[in-house]
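What follows is the residue order along each chain.
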Amino acid sequence: MTAVVGAQWGDEGKGKITDYLAQQADVVIRYQGGSNAGHTVVNDKGAFKLHLVPSGVFNPDALCILGPGMVVELPFLVEELDALEKAGVPTANVRVSDRAHLVLPYHLALDRLDERERGRQKLGTTGRGNGPAYSDKVGRHGIQVYEVRDEKRFRERVAHELETKNAILERFGDEPLDARAVADEVLAAAARLGGRIVDTLPLVEHALATDARVLLEGQLGAMRDLDWGIYPYVTSSNPLAGGATIGAGIPPRVITRVIGVVKAYSTAVGEGPFPTELHGSDADDLRERGQEYGATTGRPRRVGWFDAVAPRHAHRLNAFTELAVTKLDMLGRYERIPFCTSYEIDGTTTTDMPPTHVLDRVVPRYEQLPGWGSDISGITDRALLPTAAKGYLRRIEETVGAPVGIVGVGPERTATLL
Ligand code: GDP
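Residues numbered from 1 in each chain as written. Predicted model: local features only at pLDDT ≥ 70, side-chain atom pairs only at ≥ 80, totals over all residues. Heavy atoms only, no water.

## Details of the packing of helix α2 (residues 74-86) against helix α6 (residues 179-193)
At a minimum axis distance of 8 Å, the contact between α2 and α6 shows a crossing angle of 40°. Overall, the two elements α2 and α6 adopt an arrangement that is oblique. Handedness of the α2/α6 crossing: left-handed. Here L74, P75, L77, V78, L81 and D82 of α2 lie close against α6, whose contacting residues are E185, V186, A189, A190, R192 and L193. Partitioning the contact of α2 with α6 into residue classes produces 9 nonpolar, no polar and 3 charged. (Axes fitted to C-alpha atoms, helices over the stretch in contact; angles between N-to-C directions. Helix = DSSP H or I, 4+ residues; strand = E, 2+ residues; numbered from the N terminus. Parallel < 35°, antiparallel > 145°, perpendicular 65-115°, else oblique. Left-handed = near helix turned anticlockwise from the far one by under 90°. Contact = heavy atoms within 4.5 Å. Nonpolar A, V, L, I, M, F, W, Y, C, P; charged D, E, K, R; others polar.)

The structure is reproduced here in structure tokens:
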């Protein structure tokens, strides 16, 4: 069983790697997050940005599960499935866990309110209501997907929750929501999903019993993990492979392969410390070259040089069996490439990840690695990479501590070297 996990700040290219590996998978499970994800997949069917649906959907023979650890906005899921069908991608293989939590319209309203009231301390969320939905889950106010099956009770639950939610919205000058309209919208979407809403545990159990090839797809990366990331600038769930056991319903000892996806440089969307961040024209140059704009929000991503401390931190928590390095092709034109190997904090050098407010004042220590000065996007054999590109990958292996098993040299499924 394989988990595909982000090893940086998110947007590492997990969608592409999952799509690639899903061609050989029987089951693909998203285990956390919600529609705040934006997994980009480019293959023979076209270019797609998947928010809720697992990136295995392009293999019609793979069962694709939205796991119980996810938060799901049902109308948004219906739209995403419709768009895929319209693009010629069959979605009959998609299932939603009945234990996942619902993202309801009031979560979206509360997400916007929360960001606005935080002012300068805003988190930079995608505004998709995921944080408030997870808050409700932890606070024992959440509504699980299966609850739509009992319409009368569901309407009562929504009306009850809205009493306090509306009081908060009105207190901060926002419009209250109508319980009937909220329930109608969700129930209509649930009716469209019909038999896709299931208890996914028997499916997973069957997959394990038959030695099916299971792929676990994470969202965001270790630096945004609720427990091990740059709190509070984190997501409300656990992207780490450990989160996959709970969020997909997988016994921990059956995950045998953990792939850490790392971009060949660093990017981040949202707020929080980002030690190797570039500014000015250097940043604009890398952003344009890498087309670093958020897949969900379209926001320009913050960009910086490779920071080995972050994926090393991720490796300590995930024990990667291998790394998948994406976007190596984007560094083709640099003569020398700054590569951060450690941090200096108050005169001391470390390769350990400090807590958030210390991370804010670290000074990254760089090596200057030789560039390869050529376009590698057409290369189809890893052995044919320029010597300097191989050296760059070797330095990633040495500093992170895990071998590089997969290299991405383009966004397409085919631009993948083993
Ligand atoms: P995810 O959320 O981790 O799936 O990552 P995103 O989809 O948000 O961002 C990754 C971006 O990099 C997408 O636009 C991908 O199409 C693109 N991408 C992934 N791997 C490669 C690669 O090896 N080379 C290039 N040029 N682009 C890549």
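## Considerations on the environment of A389
Within the secondary structure layout, A389 lies in helix α12 (residues 387-400). Its relative accessible area of 0% is what places A389 among the buried residues. When residues no more than four places from it in sequence are discounted, the contact partners of A389 are L328 and W372. (Buried < 20%, exposed > 50% of the residue type's maximum accessible area, 1.4 Å probe, protein only.)

## As for the pattern of salt bridges
On inspection of all chains with the given rule, the structure shows 34 salt bridges. Here R301 makes a salt bridge to D11, at a shortest N to O gap of 3.3 Å. Within this pair, whereas R301 is found in the loop between α9 (280-290) and β13 (302-304), its partner D11 is found in the loop between β1 (2-6) and α1 (14-22), the two being separated by 290 residues in sequence. On the accessibility criterion, R301 (7% relative accessible area) is buried. With a closest N to O distance of 3.1 Å, D352 and R316 form a salt bridge. Taken together, the residues D352 in the loop between β17 (348-350) and α11 (356-359) and R316 in helix α10 (residues 309-318) connect sequence positions 36 residues apart. By relative accessible area, which is 36% here, D352 ends up partly exposed. The exposure class assigned to R316 is exposed, which follows from its relative accessible area of 52%. Each of D136, E147, R153, R157, E161 and K165 takes part in a single network of salt bridges with overlapping partners. (Salt bridge = Lys/Arg side-chain N within 4 Å of Asp/Glu carboxyl O.)

## Things to note about the nonpolar core
Counting 57 residues, the largest nonpolar core has I29, L216, L328, W372, L385, Y392 and I396 as its most contacted members. Look past the residues within four positions of L216 in its chain and what remains in contact with it is M1, T2, A3, V4, I29, Y31, A244, A248, I250 and I255. Ranked by size, the runner-up nonpolar core spans 50 residues in total, among them L21, V96, V148 and L215. (Core = buried A, V, L, I, M, F, W, Y, C linked by side-chain atoms within 4.5 Å.)

## Focus on the packing of aromatic side chains
Here the structure, examined in full by the defined rule, presents 6 aromatic pairs. Here W372 and Y392 contribute two aromatic rings whose centre-to-centre distance is 5.8 Å and whose plane-to-plane angle is 70°, an arrangement assigned as edge-to-face. Residue W372 is located in the loop between β18 (363-370) and α12, and its partner Y392 is located in helix α12; the two are separated by 20 residues in the primary sequence. When sorted by exposure, W372 lands in the same class as Y392, which is buried. A network of ring pairs unites the aromatic residues F306, F339, W372 and Y392 as a single cluster. Here the basic side chain of R171 rests over the ring of F172, its NZ or CZ set 4.9 Å away from the ring centre. Here R289 stacks its cationic end above the ring of Y334, 4.5 Å away from the centre of that ring. (Phe/Tyr/Trp six-rings, centres within 6.5 Å; stacked < 30°, edge-to-face > 60°. Lys NZ or Arg CZ within 6 Å of the ring centre and 35° of its normal.)

## Remarks on the domain arrangement of the chain
Frequently, the measure chosen for interface size is the accessible area removed from exposure when the parts meet. Considered domain by domain, the chain is made up of domain 1 (2-97 + 197-259), domain 2 (101-193) and domain 3 (263-320 + 327-417). On a C-alpha basis, the centres of domain 2 and domain 3 stand 37 Å from each other. Tallying the contact residues gives 6 residues for domain 2 and 5 residues for domain 3. Taking both sides of the interface into account, the surface hidden between domain 2 and domain 3 amounts to around 370 Å²; carbon and sulfur atoms contribute 52%. Among the residues domain 2 hides against domain 3, the three largest losses belong to K122, G124 and T126. Together they make up 72% of the total. Taken together, the links from domain 2 to domain 3 amount to 1 salt bridge. Of the charged contacts, one joins K122 and E271 as a salt bridge, the two residues approaching to 3.2 Å between their closest N and O atoms. Its residues placed into classes, the side of domain 2 that touches domain 3 shows 1 nonpolar, 3 polar and 2 charged. (Domains from an automatic or database assignment. Buried area = accessible area lost by both parts, 1.4 Å probe.)

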